[in-house]
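# Breakdown of the fold
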Amino acid sequence: MEKADTYGEWFIDRKHAGTADDPWQMPFVNYSNVVNAFRSALGTFVDKHPNMQLTSYGEILEESGISWGFEPMEDVDVSNFSGRTVMALLVGAVRAERFCDGALLHFFENSCITRWLQRLEERDGVSSDH
């Protein structure tokens, strides 16, 4: 995976005055190719595995005692979590971007995504625990 500083970068409009005649463009994160590929692969996985019910990621997190938010998701110890719960964390991180620009960048930069992917790698080869 690329270095954290290459996950994405904030675009802040400094060219416009912010007036009715010259409005600002709202800030957004321009994500790297690595992050865009990750989002695409995760979406494909969710679509190909409806039996995991990952579209209900909030319920899966709640069942595991995790609140959907930066701190609860960031601070959780995933060492004993099922693959489904870890996948729900990943989906939750991607979906958080819809509600808060830069949310996914936050999870990448704070090594959450890496830690969660490492947990999935540890589980690789272990029978499904759905």
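Keep in mind that what you see is a predicted model, and the values were worked out from it rather than measured.

## Regarding the packing of helix α1 (residues 33-48) against helix α4 (residues 83-96)
- In contact at an axis separation of 11 Å, α1 and α4 are set at 125° when each is read in the N-to-C sense. In this view, α1 runs oblique relative to α4, as classed from their interaxial angle. Relative to α4, the crossing made by α1 is left-handed. On α4, the residues touching F38, R39, L42, F45 and V46 of α1 are M87, L90, V91 and V94.
- Split by residue class, the contact of α1 with α4 holds eight nonpolar, no polar and one charged.

## Some words on the packing of α4 against helix α6 (residues 112-123)
- For the pair α4 and α6, interaxial distance at closest approach is 10 Å and the crossing angle is 155°. Put simply, α4 runs roughly antiparallel to α6. As α4 runs across α6, the sense of the crossing is left-handed. Listed contacts from α6 to G83, V86, M87, L89, L90 and A93 of α4 are I113, W116, L117, R119, L120 and R123.

## Comments concerning the pattern of salt bridges
- A full pass over the atoms with the stated rule returns two salt bridges.
- Of the charged contacts, one joins E63 and R84 as a salt bridge, the two residues approaching to 4.0 Å between their closest N and O atoms. One end of the pair, E63, is in helix α2 (residues 57-63); the other, R84, is in helix α4, and 21 residues separate them in sequence.
- For R84, a relative accessible area of 14% gives the class buried.
- The partner of R119 in a salt bridge is E122, with the nearest N and O atoms 3.3 Å apart.

## Some thoughts on the packing of aromatic side chains
- The final tally for this structure, using the stated rule, is seven aromatic pairs.
- Relative to F108, the ring of Y7 has its centre 4.7 Å away and its plane inclined at 40°; by these criteria the two rings are tilted. Residue Y7 is found in the segment before β1 (8-11), and its partner F108 is found in helix α5 (residues 103-109); the two are separated by 101 residues along the sequence. Pair check on accessibility: Y7 and F108 agree, each one buried.
- The rings of Y7, F38 and F108 are connected pair by pair, giving a single aromatic cluster.

## Looking at the confidence of the model for the protein chain
- For the protein chain, the mean per-residue pLDDT works out to 89, and 92% of the residues sit at or above 70.
- Per-element confidence in the protein chain is highest for α1, whose mean pLDDT is 97, and lowest for β1, whose mean pLDDT is 89.

## Focus on the environment of R84
- Sequence separation of R84 and L61 is 23 residues, and the distance between their C-alpha atoms is 9.5 Å.
- Among the polar contacts made by the side chain of R84, one reaches the main-chain carbonyl oxygen of M52 at a distance of 2.8 Å.

## Details of the nonpolar core
- By size, the foremost hydrophobic cluster in this structure holds 32 residues, and its most contacted members are L54, M73, L89, L104, I113 and W116.
- For this core, the element with the most residues is α4, which contributes eight residues.
- Dropping the residues within four chain positions of it, L89 is found in contact with L61, I66, M73, V76, V78, F81 and W116.

The rules behind the values
- Residues numbered from 1 in each chain as written.
- Predicted model: local features only at pLDDT ≥ 70, side-chain atom pairs only at ≥ 80, totals over all residues.
- Heavy atoms only, no water.
- Axes fitted to C-alpha atoms, helices over the stretch in contact; angles between N-to-C directions.
- Helix = DSSP H or I, 4+ residues; strand = E, 2+ residues; numbered from the N terminus.
- Parallel < 35°, antiparallel > 145°, perpendicular 65-115°, else oblique.
- Left-handed = near helix turned anticlockwise from the far one by under 90°.
- Contact = heavy atoms within 4.5 Å.
- Nonpolar A, V, L, I, M, F, W, Y, C, P; charged D, E, K, R; others polar.
- Salt bridge = Lys/Arg side-chain N within 4 Å of Asp/Glu carboxyl O.
- Buried < 20%, exposed > 50% of the residue type's maximum accessible area, 1.4 Å probe, protein only.
- Phe/Tyr/Trp six-rings, centres within 6.5 Å; stacked < 30°, edge-to-face > 60°.
- pLDDT = per-residue confidence, 0-100.
- Polar contact = N/O pair within 3.5 Å; in protein donor to acceptor, adjacent residues only side chain to side chain.
- Core = buried A, V, L, I, M, F, W, Y, C linked by side-chain atoms within 4.5 Å.

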